Amino acid sequence: MADHPYRRAPAEAFWKGAVSGLDVFDVDPVTPPAFTIAPADRVASAGSCFAQHIARYLKTSGFDFLVTETAHPIAAPEDAEAFNYGVYTARYGNIYTPRQLLQLFQRAYGRFAPLDDAWEAGGGRWIDPFRPQIQPGGFASRAEYDADRAQHFTAVRRAFETLDVFVFTLGLTEAWRSREDGAVYPLCPGVAGGHFDPARHAFHNFTAGEIVADMVAFLDLLRSVNPRSRVILTVSPVPLVATASGRHVLTATTYSKAVLRVACEQLVGEQPDVAYFPSYELVTGPQTRGRFLAEDLRSVTEEGVANVMRLFLKHHCGIDVPRFGIEHAVPAGDAHLTAMAELVRLNCDEEALARD
Amino acid sequence: MARVLIVGNSHIAAVTKAQVRRVKAGSGADLDPIFLNLSTEAFRPALVGDRINPAIRAVFEREAGVPVVCLIGGNDHNVFGLLNHPQRFDFALPEESAVSFDPGAEVVPFELVRRAMARAMEPRLKLLELVRQLANGPSCQLESPPPVPSAAHITAHPGAFAERIPVLGVAPAGLRARLWRLHSDLFREACARLDMDYVPAPPEMLDADGCLVEKAWNDDPTHGNARYGERQLIQIAEWMRAVAPAPMAETDTGRGLGRGPDSQPATEAGGMRRASQP
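The rules behind the values
Residues numbered from 1 in each chain as written. Chains lettered and ligands numbered in written order. Predicted model: local features only at pLDDT ≥ 70, side-chain atom pairs only at ≥ 80, totals over all residues. Buried ≥ 20, exposed ≤ 12 C-beta atoms within 10 Å, placed from the backbone. Helix = DSSP H or I, 4+ residues; strand = E, 2+ residues; numbered from the N terminus. Pairing = 2+ DSSP bridges. Right-handed = clockwise from strand over helix to strand, strands pointing away. Contact = placed C-beta atoms within 7 Å. Nonpolar A, V, L, I, M, F, W, Y, C, P; charged D, E, K, R; others polar. UniProt positions renumbered as here; feature names shortened; annotations may be inferred. Axes fitted to C-alpha atoms, helices over the stretch in contact; angles between N-to-C directions. Parallel < 35°, antiparallel > 145°, perpendicular 65-115°, else oblique. Left-handed = near helix turned anticlockwise from the far one by under 90°. Core = buried A, V, L, I, M, F, W, Y, C linked by C-beta atoms within 7 Å.

Per an unreviewed UniProt entry, chain B goes by the name SGNH hydrolase-type esterase domain-containing protein and belongs to Methylobrevis pamukkalensis.

Going by what an unreviewed UniProt entry lists, chain A is known as GSCFA family protein and is assigned to Methylobrevis pamukkalensis.

Below is the structure:
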């Protein structure tokens, strides 16, 4: 029998033995990572909505998940979450494209100031064009918006400068950007604030080359403030909710994910300390038979997220996690408020019973 | 004399003291107040689960139809901001056009502070709702007194906060005034929902910065004094004239006026004081 390269190929090189012949939970497409994450490493996260799941699991898996923009302790945990504190490392909301990530860095360091600075929402409220859904109803005043954004940029800088590992989930290639200065919006103006103006806002579908160039530019900037940083790239398995490309949303999704996947492969091959983790393949691969998608065929089920994160923790962190074995911590209340409430009660008791 | 049931927590003290003074001075006969002090043992706890203490209910049943003036709660803003939080914070009210935030403080979104305050006030707002249900006549809630602007005064009269003030320091008056206004807005909204009147703090008791004028400072950090209470009694009488004109018309004719020093408050039953009845 003639010899050929496939004779010596490992088992995972063969579809039958590595995919179709296995239980979905035994399919493990993760190749040995270029680096691992130590328990003391500060792990930061950003990206499209799937990145929220990654952040959620990292926070509760014994890692030093880096959060540089926390809610003030007076806030109840459910309110803090509604205001997007702790969802990611800083309160930047979803970052769908590398251009958005690049511009976040540039804005935080004062290297880019988009002309579209703030959107007035009526009733004195203000919306941040670059995180339009960061808090319910937007900001209560321009003063609050300006102060919060300054704090946010400080938190973003602290994140980039102190992280050890940055997990970035690439979500989309489609975006809307300003015709005036190229500022990229996370959502089309008019969807969650602002007003869509075809004279000022243009659709753009990033190419693989643009994605790579933006990521390289970002990595250069990140390393300029944090030379030891390492980066893990993933592609979100969540399909586009809608496309503006003129294509069918299914082919538009396929194109978008393919571009992002190609870009990741190129970046891993060309950039040091950059790894790829196959979240996309683990959720959308044929081995799942759609099992990890919810009824809307778009959302990822908790089971699917757990499977992704089980393998992430196994390969990148050396942690064996049973299925659904991760407990979520319950944040404690504000000790100062509790103590003050008791003192106010005591003081009021004294006054209420006082005689003139 | 106009019968009125005045129910409240610690801020009832200023009004009670003022009525005692009135009676001692031989005035104050326009009102016939029944004071239901919720901080006294007989009425504690005011809430038993989701229900009101039966002793409180009994008073309302006995005084059925009498106008009800509430001074419920009124100090939750001090929980948040009488003293500096270990993690100092500040915020802006939506209506503020120019804000100078506390340097070094974390700016917290207004809506987040509002939600936190509303959560803290839930027991007080629940009590207000239950009292409103018991009151089958007109009812109102008096706004709690604005904050004392002077950190020196608070430090000199620290009350229960004596140990913490040296550690944390008194919070900036601007923050305390904002917290008070937010707290008041939440009570005002609750009153609107409950179809109750809301009576703002006497305007002349506020300085230009929205804090309590010095003549109304009490010898403690968080309450108004008897002079403040005196002004509230006038507000109560005005409110009574607006919502229950008949009894006040009776007063206007002169009947019930001119009580002498011997008409000092005498009746107390577990914190229920009829300040103008011998």
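There's plenty left to go through after this.
1. Points about the pairing of strand β9 (residues 230-235) of chain A
All names here are of chain A. With six of six residues buried, β9 lies mostly within the body of the structure. Of the two faces of β9, the one carrying R230, I232 and T234 and the one carrying V231, L233 and V235 are both buried. Bridge count for strand β5 (residues 165-170) against β9 is six bridges, and the pairing is parallel. Pairing of F166 across the sheet is with V231, part of β9. Taken together, the three bridges between β9 and strand β10 (residues 274-276) define a ladder with parallel strand orientation. Of the residues in β10, the one forming a bridge with L233 is Y276. Handedness of the crossover joining β9 and β10 through helix α7 (residues 249-270): right-handed.

2. Quick notes on the interface of chain A and chain B
It is common to give the size of an interface as the accessible area that goes away when the parts come together. The interface is formed by 35 residues belonging to chain A together with 44 residues belonging to chain B. For the side of chain A that touches chain B, the elements supplying multiple residues, two or more each, are α5 (142-162) and α10 (335-352) of chain A. Sorting elements by how many residues they give to the side of chain A that touches chain B places α10(A) first, with 13 residues. Considering only residue class, the side of chain A that touches chain B consists of 20 nonpolar, eight polar and seven charged.

3. Points about the UniProt feature "domain: GSCFA" (unreviewed entry) in chain A
The positions that UniProt labels "domain: GSCFA" (unreviewed entry) are, in the present scheme, residues 42-312 of chain A. Between the C-alpha atoms that bound residues 42-312 of chain A there is a distance of 16 Å. The span itself is 39% helix and 15% strand.

4. What to know about unusual backbone geometry
Each neighbour pair has its own omega, and for R44(B) with P45(B) the value is -5°, a cis peptide bond. By the secondary structure assignment, P45(B) is in the loop between β2 (31-37) and β3 (47-48). Phi is positive for N84(A), which is not a glycine, with a value near 65°. On the secondary structure map, N84(A) appears in the loop between α3 (77-82) and α4 (98-108). Residue classification places N84(A) among the buried residues on the basis of 21 C-beta atoms within 10 Å. Its identity as a non-glycine residue notwithstanding, R289(A) has a phi of 50°, on the positive side. Mapped onto the secondary structure, R289(A) falls in the loop between α8 (279-284) and α9 (302-317). For R289(A), a count of 9 C-beta atoms within 10 Å translates into the label exposed.

5. So, the packing of α4(A) against α5(A)
Residues and elements named next belong to chain A. Packing of α4 against α5 brings their axes to within 9 Å, and their N-to-C directions diverge by 110°. By the angle class used here, α4 and α5 are roughly perpendicular. Our pair here, α4 against α5, has a crossing hand that is left-handed. Across the interface between the two elements, L104, F105, R107 and A108 from α4 touch F153, V156, R157 and F160 from α5. Across the contact of α4 with α5, the residue classes tally to six nonpolar, no polar and two charged.

6. Regarding the nonpolar core
Grouped together as the largest cluster of nonpolar side chains are 93 residues, with contacts concentrated most on V4(B), I6(B), L36(B), C70(B), V113(B) and V131(B). Element by element, the count of residues in this core is highest for helix α4 (residues 110-134) of chain B, at 12 residues. Within the second largest apolar cluster, 74 residues are counted, among which are F168(A), A183(A), V259(A) and L313(A).

7. Re α4(A)
Residue and element names in this part refer to chain A. For α4, the buried fraction is high: eight of the 11 residues fall into the buried class. Taken residue by residue, α4 has P98, R99, Q100, L101, L102, Q103, L104 and A108 as its buried positions. Positive backbone phi, at 70°, marks G110, one or two positions downstream of α4.

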